[in-house]
Amino acid sequence: MSAIMMRMPVISMSSTSQSPKFISPSYNSPAALPVRSLPGSYGWPLLGPISDRLDYFWFQGPETFFRKRMDKYKSTVFRTNVPPCFPFFTGVNPNVIAVLDCKSFANLFDMEVIEKKDVLVGDFMPSLKFTGDMRPGVYQDISEPEHSKVKNFSIDILKRSSKLWASELASNLDIMWDEIETSLSKSSSASFLIPLQKSMFRFLSKCLVGADPLNDPDVAESGYAMLDKWLALQLLPTIKIGVLQPLEEIFLHSFAYPFFLVSGDYQKLYYFLEKQGQEVIRRGETEFGLGKEATIHNLLFIMGFNAFGGFSVFLPSLINIIGSDKTGLQEKLRKEVREKGGSTLSFASVKEMELVQSVVYETLRLNPPVPLQFGRARKDFQLSSHESSYDIKKGELLCGYQPLVMRDSKVFEDPERFIPDRFTEEKDGNELLNYLYWSNGPQTGIPNQFNKQCSAKDYVTMTASLFVAHLFSRYDSIKGDSTSISGISKAK
Ligand code: HEM
């Protein structure tokens, strides 16, 4: 562990304490750090936000956008604008305070000073028509009673599905790899995105909702594509796609897309859950006090946005890391999987696979699937970075860009490099997990109704570990990138 890391704040998440507290040891307290006025500016009205938007999406791209400003102001905390903005997003305020190091970013987890109401993707919020004219739990602050109900419901469905989880995942991954093998027998490279999404859709429907897509041929065939469209229409105004400019600016970032383009698909998915997921829906109603419609819309959001959306981004980056490695990582992973895997893969068996888990954590560190996190100041407070503290006013919006935060050199040694065993015990990896934030909280934290950490924090890392273990029990090696597989060698 680096010496500087010893001086980092620790977020206490003991399972007995109800409300996790951000502990600021005295040497870290704002009083011990020089107070600096916030550098950066929002620029001229309209012109400032537009110029920042063009930098963000076109001239620089998100990473360079934040890095350049960090260098310019010699600070990891500064004022800037993030899109979407003018001309057609008139109700959206693009002004934010960027927080780009591990310590300032961790302020976003302190629910005493941060409010998480309607800030999932910033000040912009997709139309509620996409979510059945209601605000799903993810948009709710912990002070809202409905948040507790939905959060506890989401934790409950995960817990109840845990018996099925590993076996459902394995059987759906077998279908996926069979499909990829068939494509590879006809061509030198096989795109895996559709087989992967189809298998994740089936797996998540069955595990989270108890709904089998095979009972609804239309949903079985294209449920994954319905979710893709629904997600894209909500998120397009906030994401750089890489389409030829200025076409991307004009057609994808200038206005919010209307719901009617996917209303038919949303209805089909809603009815699919209503019919096939009756038991889970009943629990939402009777045990968690959610109305029937609220249960179904929340289930659809959790399954479609959080789970399907999250895995659709994360698993391709994991395949890319493993499939393009030339350092002998595959041999090491294969050895560990074969030694510790036993006859059937399970949560218990992958917990023994230290390297597999470390590779999963390191992939999440360098490729956090949800790159931006936002939080609004609940009251005036002092925010500290490693070097300084800053006065934040009630109502100001903080914006953390995780790909840079996770390369904080004061916490992670050689931060730009992918180090497969960084999180192993030998390297003090357990301590580093305090600073792995992909789930909107530290990997050592416990998601509950008093915080906004991803309910599936542990299920996601276990699922990814199972994915790797399944891969190396089926194959000796694979070659591929984030979209396709170009070679596989079956297990001998
Ligand atoms: C790779 C997959 C996943 C990733 C990357 C991911 C990431 C995240 C992140 C970053 C947040 C916080 C958003 C914010 O408020 O800023 C979140 C929240 C949440 N996630 Fe996940 N997630 C994943 C999978 C799942 C799964 C499988 C579930 C299934 C139950 C789930 C359920 C939730 C819920 C319910 C919340 C809202 C928490 C709250 O409102 O307190 N996520 N997730």
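Everything here concerns the structure above.
This section reports on the structure supplied with the text.

So, how was this worked out
Residues numbered from 1 in each chain as written. Predicted model: local features only at pLDDT ≥ 70, side-chain atom pairs only at ≥ 80, totals over all residues. Helix = DSSP H or I, 4+ residues; strand = E, 2+ residues; numbered from the N terminus. Rg over C-alpha atoms; globule rule 2.2 N^0.38 Å. Contact = placed C-beta atoms within 7 Å. Pairing = 2+ DSSP bridges. Near = placed C-beta within 6 Å. Nonpolar A, V, L, I, M, F, W, Y, C, P; charged D, E, K, R; others polar. Expected span 1.5 Å × (residues − 1). Buried ≥ 20, exposed ≤ 12 C-beta atoms within 10 Å, placed from the backbone. Axes fitted to C-alpha atoms, helices over the stretch in contact; angles between N-to-C directions. Parallel < 35°, antiparallel > 145°, perpendicular 65-115°, else oblique. Left-handed = near helix turned anticlockwise from the far one by under 90°. Core = buried A, V, L, I, M, F, W, Y, C linked by C-beta atoms within 7 Å.

If you tally the helices and strands in the protein, you get 16 helices and 12 strands. The C-alpha radius of gyration of the protein comes to 22 Å, within 12% of the 23 Å expected for a compact globule of 492 residues. By principal-axis analysis of the C-alpha atoms, the protein measures approximately 60 × 50 × 50 Å. Within the protein, residue pairs in contact and separated by at least 24 positions form 70% of the contacts whose partners lie at least 6 positions apart.

Direction of pairing for strand S8 (residues 381-384) relative to strand S9 (residues 389-392): antiparallel, over a ladder of 4 bridges. The partner of Phe 381 across the bridge, within S9, is Ile 392. Counting the residues that bridge the hairpin from S8 to S9 gives 4 residues.

It is worth spelling out the site of the ligand at this point. Around the ligand lies a shell of 26 residues, among which Ala 307, Gly 310, Asn 440, Cys 454 and Ala 456 are the nearest. Where the shell around the ligand is concerned, the elements lending two or more residues are helix H4 (145-186), helix H10 (292-323) and helix H16 (457-474). Looking at the shell around the ligand, the element that brings in the most residues is H10, giving 6 residues. Considering only residue class, the shell around the ligand consists of 14 nonpolar, 9 polar and 3 charged.

Taking strand neighbours across the sheet as the criterion, the 3 strands line up as S6-S12-S11 in an open arrangement whose pairing is antiparallel. Unpaired on one side and paired on the other, strand S6 (190-191) and strand S11 (475-480) mark the two borders of the sheet. Strand direction decides the pairing type here: S11 and strand S12 (residues 484-490), joined by 5 bridges, are antiparallel. Bridging across to S12, Ser 477 finds its partner in Ser 489.

Attention now moves to helix H13 (residues 354-366). When the terminal C-alpha atoms of H13 are compared, their 18 Å separation across 13 residues agrees well with the 18 Å that a helix rising 1.5 Å per residue should span. Among the 13 residues in H13, 10 count as buried, and that is most of the element. Within H13 the residues assigned to the buried category are Val 356, Gln 357, Ser 358, Val 359, Val 360, Tyr 361, Glu 362, Thr 363, Leu 364 and Arg 365. In this structure, the buried side of H13 is in contact with H10, helix H11 (329-340), helix H12 (347-351), helix H15 (429-432) and H16.

Before going further, it helps to spend a moment on unusual backbone geometry. For the peptide bond that leads from Pro 83 to Pro 84, omega is 5°, which places it in the cis range. Structurally, the position occupied by Pro 84 is in the loop between strand S3 (77-81) and strand S4 (95-99). With an omega of 5°, the peptide bond running from Gln 245 to Pro 246 counts as cis. With respect to the helices and strands, Pro 246 occurs in the loop between helix H6 (217-235) and helix H7 (247-252). Positive phi, normally seen in glycine, also occurs at Asp 118, with a value near 55°. As for its placement among the helices and strands, Asp 118 is situated in the loop between strand S5 (114-115) and H4.

Next up on the list: the environment of Phe 450. Within the element layout of this structure, Phe 450 appears in the loop between H15 and H16. For the pair Phe 450 and Tyr 271, spaced 179 residues apart in sequence, the C-alpha to C-alpha distance is 32 Å.

Turning our attention to the packing of H10 against H16. One way to put it is that H10 packs onto H16 with a least axis distance of 11 Å and a crossing angle of 40°. Looking at the two axes, H10 sits oblique to H16. Considering the relative orientation of H10 and H16, their crossing is right-handed. For the pair H10 and H16, the contacting residues are Gly 310, Phe 314, Leu 315, Leu 318 and Ile 322 in the first and Val 460, Ala 464, Phe 467 and Val 468 in the second. Among the residues making up the contact of H10 with H16, the classes are represented as 8 nonpolar, 1 polar and no charged.

Attention shifts here to the environment of Ser 191. Among the secondary structure elements, Ser 191 is positioned in strand S6. Ser 191 sits in the partly exposed class, given 14 other C-beta atoms within 10 Å. Sequence separation between Ser 191 and Gly 480 is 289 residues; the distance between their C-alpha atoms is 9.4 Å. Setting aside chain neighbours within four positions, we find Ser 191 in contact with Thr 483 and Ser 484.

What follows deals with H16. Spanning 18 residues, H16 covers 26 Å between terminal C-alpha atoms, matching the ideal 26 Å at 1.5 Å per step. With 14 of its 18 residues buried, H16 lies for the most part within the structure.

With that out of the way, let us pick up the nonpolar core. Burial of nonpolar side chains together is a common tendency in soluble globular proteins. Counting residues in each nonpolar core, the largest one holds 123 residues, and the members touching the most others are Ala 98, Leu 204, Met 303, Leu 318, Val 356, Val 468 and Ala 469. Looking at this core, the element that brings in the most residues is H10, giving 17 residues. Excluding anything up to four places from it in sequence, Met 303 contacts Leu 204, Ser 205, Leu 208, Val 209 and Phe 308.

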